[in-house]
Amino acid sequence: MHTFPLHPECPDVRRLADNPAEALLRAEADIVAAENAAERDRYRRLEDLEEAQQDGRGVTRRTFVAGAAATATALATAQFVTTSASFAATKTGTLIHVFLYGGLDGLSLIAPSNDPVLAKARPDLTLAEDSLALGRNFKLTSAFKPLEPWLKSNQLGFVPAVSDERLSRSHFQAADACNLGGLPGETGGRGWLDSLVDALGKGTAFRSVGIGSTLPRSLVGTNGALSLNSVGSLRLNGDDKYRAATEKAIKGLFTGINHPVEESVQDGLGALATAQRLAAKPYQPAEGVEYQGVGYAFQQLAQLIKGGANVRVATVGMGGYDTHENQGTREGGQLWRRLNELASAMAAFFTDLGDAAENVTIMVSSEFGRRVASNGGGTDHGHGGVITVLSGRKLAGSLLGTWNGLSDLDSGDVPEYNNMFNVYGSVAQGRFGLTNAEVDKIFPRMKYTPMKLYA
């Protein structure tokens, strides 16, 4: 057992890496490895295994944790400790939640045809004649034409008039409630997708992924979701020259310590290996597929899913939906372009996945809808938005849920005919085969009522 203190400025330590913390980490790893080898030799010479165990087996691990390099090691491995330790998924498939920040005007996405209320309240924002036909006498903006093949195959559907009594007209408050699955006091600040992960059983380090620079509130919780801008951005911090040695040191230090952190670290290292393997050569989408705009986020997910990373839940965020002015519902307009970018990205993603799309569902929502009446070129914050579902599994129709018309508005807003969290829960339940009781746990303090969304 070593008795001398390690110091990052010691010449023998400095030779291991330019960075003192990394050098110290590898020095400790070398010492622990040598000590463990000596211990194993000693155990072989002991005739009584029980006596050997009582003689202090594993003492070098405890000594290490209490050693001078503990702080450096903690810093070097912190990015793994929050990764949930898990190995084999118990439920299959992938749910991707796309959140449109700003408050999408649902009536510019889908709208009842020839509705007298809309003709009077928003004559400048009606959908164009080239809109796509939906069930129950609704029509869909032409911006979604890239998804027309999935509409025809009953894999694209829309739930109108979606809201919840918890949602205000504040962007911050409403987005927070949507991502948490309720108010902070009801959920403990935990995201609804993180709670969903509990019901999905164990999986890989990639089982919950947020594409972006920050982790969305929906993934905040206890399951160690990964947040990354690209597959290639997931890498161990530190000097490239010593990265392989650092990974080896971390793996050696956290092997056989009989502590939950061991599985977390090993799982994190596995995620690094997967990311490095996938990023080793430029990703090539399927023939004819081109990603643009928000599509680059979907491209990262396609790379992970096709690469066998076993993604269970994932998030993509898209801004630009706070259309108080110059809303532009028709072709070439501001909102039309945003919706067309989204539809093109989703179409590219499902095309790229090929047969793998059968196990994927995309749910698109926003923090609230907007007022029925236009304000002279735009719309103000309201309620009663729209949730879009694109699924590899057949849907029950192109217009889903309850719709009772616009004859009785809610203080100028689309009424809540379909509760947001019932829609969330039903999408997840149909994707993963959850029980009602399992969904109940995802949304505290509300009684879940399942909806028929899938065929």
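Predicted, not measured: the structure shown is a model, and the values here were computed from it.

What counts, and at which threshold
Residue numbers run consecutively from 1 along every chain, following the written order of its sequence. Since the coordinates come from a predicted model, pLDDT governs what is reported: local features require at least 70, and pairs of side-chain atoms require 80 or more to be given and counted, while whole-chain, interface and lining totals use all residues. To get the side-chain values, all heavy atoms of the structure are used, and hydrogens and water are removed first. The numbering of helices and of strands both runs from the N terminus, where a helix is a DSSP run of H or I of at least 4 residues and a strand a run of E of at least 2. Only protein chains enter the area calculation, which uses a 1.4 Å probe; residues under 20% of their type maximum are buried, those over 50% are exposed, and those in between are partly exposed. The contact criterion used throughout is that any non-hydrogen atoms of two residues lie within 4.5 Å. Values of accessible area rely on a 1.4 Å probe in the Shrake-Rupley scheme; residue burial ignores everything except the protein chains shown. Salt bridge criterion: a side-chain nitrogen from Lys or Arg within 4 Å of a carboxyl oxygen from Asp or Glu. Should DSSP find at least two bridges between two strands, the strands are regarded as paired. Between the first and last residue of a helix there are one fewer steps than residues, each counted as 1.5 Å, and that sum is the expected span.

Quick notes on the overall build of the protein
Piece 1. Counting its secondary structure elements, the protein contains 16 helices and 11 strands.
Piece 2. Across the 455 residues of the protein, 55% fall into the buried class.
Piece 3. By sequence separation, contacts in the protein at least 24 residues apart represent 73% of the contacts at least 6 residues apart.
Piece 4. A total accessible area of about 19,800 Å² is found for the protein, and carbon and sulfur atoms account for 51% of it.

Description of the environment of Glu287
Piece 1. Structurally, the position occupied by Glu287 is in the loop between helix H12 (260-279) and helix H13 (295-306).
Piece 2. Taking the C-alpha atoms as reference points, Glu287 and Asp352, 65 residues apart in sequence, are found 8.0 Å from one another.

Here we look at unusual backbone geometry
Piece 1. The backbone phi angle of Arg136 is positive, close to 55 degrees, even though this residue is not glycine.
Piece 2. Using a relative accessible area of 44% as the deciding quantity, one classes Arg136 as partly exposed.

So, the pattern of salt bridges
Piece 1. In the structure shown here, the tally under the stated rule is 12 salt bridges.
Piece 2. Here Asp198 and Arg190 are joined by a salt bridge, their closest N and O atoms 2.6 Å apart.
Piece 3. For Asp198, a relative accessible area of 44% puts it in the partly exposed group.
Piece 4. Note that Arg370 and Asp322 form a salt bridge whose closest N and O atoms lie 3.0 Å from each other. Of this pair, Arg370 sits in the loop between strand S9 (360-366) and strand S10 (385-391) while Asp322 sits in the loop between strand S8 (313-318) and helix H14 (334-353), placing them 48 residues apart in sequence.
Piece 5. Taken together, the shared-partner salt bridges connect Asp164, Arg166 and Glu186 into one network.

Here we look at the pairing of strand S1 (residues 94-100)
Piece 1. The buried fraction of S1 amounts to 7 of the 7 residues, a majority that puts the element mostly inside the structure.
Piece 2. The alternating pattern of S1 places Thr94, Ile96, Val98 and Leu100 on one face and Leu95, His97 and Phe99 on the opposite face, and all of these are buried.
Piece 3. With 7 bridges joining them, S1 and S9 adopt parallel strand pairing. Bridge pairing in S9 links Leu100 to Ser366.
Piece 4. As paired elements, S1 and S8 share 6 bridges and run parallel to each other. Looking across to S8, one finds that Val98 is bridged to Val316.

A word on H14
Two residues of an α-helix separated by three or four positions point the same way, owing to the 3.6 residues in each turn.
Piece 1. Relative to the 28 Å expected for 20 residues at 1.5 Å per residue, H14 spans 29 Å between its end C-alpha atoms, a close match to the ideal helical length.
Piece 2. Just beyond H14, the residue with positive phi is Gly354, at close to 60 degrees.

Looking at the pairing of strand S6 (residues 208-211)
Piece 1. By the alternation rule, side chains of S6 split into Ser208 and Gly210 and Val209 and Ile211, which are all buried.
Piece 2. Two elements, S6 and S8, share 4 bridges in a ladder whose sense is parallel. Along S8, the bridge assignment pairs Val209 with Ala314.
Piece 3. Here S6 runs beside strand S7 (residues 226-228); their pairing, made up of 3 bridges, is parallel. Bridge pairing links Ile211 to Leu228 in S7.

Considerations on H13
Piece 1. Taking 1.5 Å of rise per residue, 12 residues should cover 16 Å, and H13 covers 16 Å from first to last C-alpha, within 8% of that figure.
Piece 2. The complete set of buried residues in H13 reads Gly295, Ala297, Phe298, Gln299, Gln300, Leu301, Ala302, Gln303, Leu304 and Ile305.
Piece 3. Of the residues trailing H13, Gly308 is marked for its positive phi of about 80 degrees.

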